[in-house]
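Below, each chain spelled out in residue letters.
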There are 2 protein chains.
Amino acid sequence: MDLLGERKLRMQLDAIDFRIMTILQANGRLSNQDLADKVALSPSACLRRVRTLEDNGLIRGYHARLDAQQLGFELEAIVHVTVDHSRPDWHDAFLQQVNSFDEVVAAYVVSGASNYVLHIRAKGLPAFSSFVVEKLNKLPGMRDICSYIVLKTVKDKLGELPL
Amino acid sequence: MDLLGERKLRMQLDAIDFRIMTILQANGRLSNQDLADKVALSPSACLRRVRTLEDNGLIRGYHARLDAQQLGFELEAIVHVTVDHSRPDWHDAFLQQVNSFDEVVAAYVVSGASNYVLHIRAKGLPAFSSFVVEKLNKLPGMRDICSYIVLKTVKDKLGELPL
DNA sequence: GCTGAAAGTCGGCACCT
DNA sequence: AGGTGCCGACTTTCAGC
């Protein structure tokens, strides 16, 4: 098992592989032929590289990015959570619950003053408020919750690696 | 100009539109024909809907998701920053600088104890350390920096809306 | 590991319901 | 609005270099 979530580099990458990844990162629906043109390779050679990158897990998937604002997800927040860690079994229970909440779009175990940092998305302030009060607050061992409501997203390049 | 970054809903969406978005969100490279099958529409009708969703900005793009660990980005951190806001012009300067740093993958202006929350990705602890000391610390008006190093990513659904 | 050709498949458009 | 049919373009496999 992979307890630490480590992923070792499984293949040798050359400059063309990096160009392929960079291009597909910016335009995931580019046709294989256009991609082949851009990296100066024949379509078949290009496709084989893309398949290899996919098979080795370097390309983990392709996704449409939707407009959260337009779809009604108007509020984002960063929430720091401290739990009572005197009960080790609460940790797993906490993570399982956190994972099941749709409002939690990302969750991290962190070093520092808090135990967890949660990234929250909700359809407005009332929905966020009731999430905190009725869901987060009721988790076992909850000790402290500190919310930072996002007023403006200044940079949004998560999921875009600077290769 | 759009000072608040608001995006109004520009079109009426029905159940099929939501299914299309959900499917493309999970598999951005699905062929139009397969997508049409899944939503029980003819390929041409399906393609027209997808184009409309793209044109109205509901689908904002398609992107390959790469494996950050395997590509050497081993360290993630949430960094809270407080700046001296007695000088209004420092705000824009700060944001501009923050945007130019590759290590900053996301940046938010937040309400609460801190002014900004930064999401950092670096190729290891030394790189992160030198980023904080040599870049962040030297920004004008910097008052306080509080780092939370990510020990484990428990949930990672940013960019996946629960429709 | 790349190229080129062949066969199946798809996207995009015109036209019709 | 959604469906059908067509043609050029694309994807994908495989033999050969």
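Source: prediction; values computed, not measured. (Residues numbered from 1 in each chain as written. Chains lettered and ligands numbered in written order. Predicted model: local features only at pLDDT ≥ 70, side-chain atom pairs only at ≥ 80, totals over all residues. Heavy atoms only, no water.)

Student: How would you sum up the interface of chain B and chain A? Please name residues and give values.
Tutor: The interface of chain B with chain A comprises 72 residues on the first partner and 72 residues on the second. Interface of chain B and chain A: buried area, both sides summed, is about 6800 Å²; carbon and sulfur atoms make up 58% of it. Its largest share of buried area at the contact with chain A, chain B owes to R29, Q70 and K155 of chain B, together 13% of the area lost on that side. Linking chain B to chain A there are zero salt bridges. Our count for the contact surface shared by chain B and chain A stands at 44 residue pairs in polar contact (both at pLDDT 80 or more). Residue assignment for the side of chain B that touches chain A shows that the elements contributing at least two residues are α1 (15-26), β1 (59-66), β2 (75-83), α4 (88-100), β3 (104-110), β4 (116-122) and β5 (142-156) of chain B. Among the elements that make up the side of chain B that touches chain A, the one with the highest residue count is β5 of chain B (10 residues). (Contact = heavy atoms within 4.5 Å. Buried area = accessible area lost by both parts, 1.4 Å probe. Salt bridge = Lys/Arg side-chain N within 4 Å of Asp/Glu carboxyl O. Polar contact = N/O pair within 3.5 Å; in protein donor to acceptor, adjacent residues only side chain to side chain. Helix = DSSP H or I, 4+ residues; strand = E, 2+ residues; numbered from the N terminus.)

Student: Can you tell me about the protein's contact with DNA strand C, naming the residues and giving the values?
Tutor: Taken together, the residues surrounding DNA strand C are S42, S44, A45, R48 and R49 of chain A together with S31, N32, Q33, S44, L47 and R51 of chain B. Considering DNA strand C, the proportion of its atoms within 4 Å of the protein that are sugar or phosphate atoms stands at 62%. Contact distances for DNA strand C include 2.6 Å between a phosphate oxygen and a side-chain N or O atom of R51 of chain B. Of all the secondary structure elements, the ones that give two or more residues to the surface near DNA strand C are α3 (43-55) of chain A together with α2 (32-38) and α3 (43-55) of chain B. (Near = heavy atom within 4 Å.)

Student: Please give an account of the domain arrangement of chain A that cites residues and values.
Tutor: A common way to state how big an interface is: give the accessible area lost once the parts meet. The domain boundaries assigned to chain A delineate domain 1 (15-55) and domain 2 (75-149). With centres defined by C-alpha atoms, the gap from domain 1 of chain A to domain 2 of chain A works out at 39 Å. (Domains from an automatic or database assignment.)

Student: Explain the relation of the copies chain B and chain A to me, using residue names and the numbers behind them.
Tutor: Both copies of the chain are related by one operation, a rotation about an axis with a shift along it. Here chain B sits on chain A after a turn of 180° about the axis and a move of 0.0 Å along it, with an RMSD of 0.1 Å. The relationship between the two copies is best expressed as a two-fold rotation axis. Looking at the interface residues of chain B, 100% of them are also at the interface in chain A, so both copies use one shared face. (Least-squares fit on C-alpha atoms with pLDDT ≥ 70 in both.)

Student: Go over the protein's contact with DNA strand D, please, and point to the residues and values.
Tutor: Taken together, S31, N32, Q33, S44, L47 and R51 of chain A together with L41, S42, S44, A45, R48 and R49 of chain B make up the full set of residues adjacent to DNA strand D. Counting only the atoms of DNA strand D that lie within 4 Å of the protein, the sugar and phosphate share comes to 62%. Among the secondary structure elements, those contributing two or more residues to the surface near DNA strand D are α2 (32-38) and α3 of chain A together with α3 of chain B. Residues that form the surface near DNA strand D fall into these classes: three nonpolar, six polar and three charged. (Nonpolar A, V, L, I, M, F, W, Y, C, P; charged D, E, K, R; others polar.)

Student: Lay out α3 of chain B in plain terms, naming residues and giving numbers.
Tutor: All names here are of chain B. End to end, α3 covers 18 Å across 13 residues, agreeing with the expected 18 Å (1.5 Å per residue, within 8%). Within α3 the residues assigned to the buried category are C46, V50 and L53. One side of α3 holds all its buried residues, which, seen down the axis, span an arc of 60°. Pointing more than 90 degrees away from the buried face of α3 are the exposed residues R48 and D55. (Expected span 1.5 Å × (residues − 1). Buried < 20%, exposed > 50% of the residue type's maximum accessible area, 1.4 Å probe, protein only. Arc of directions from axis to C-beta.)

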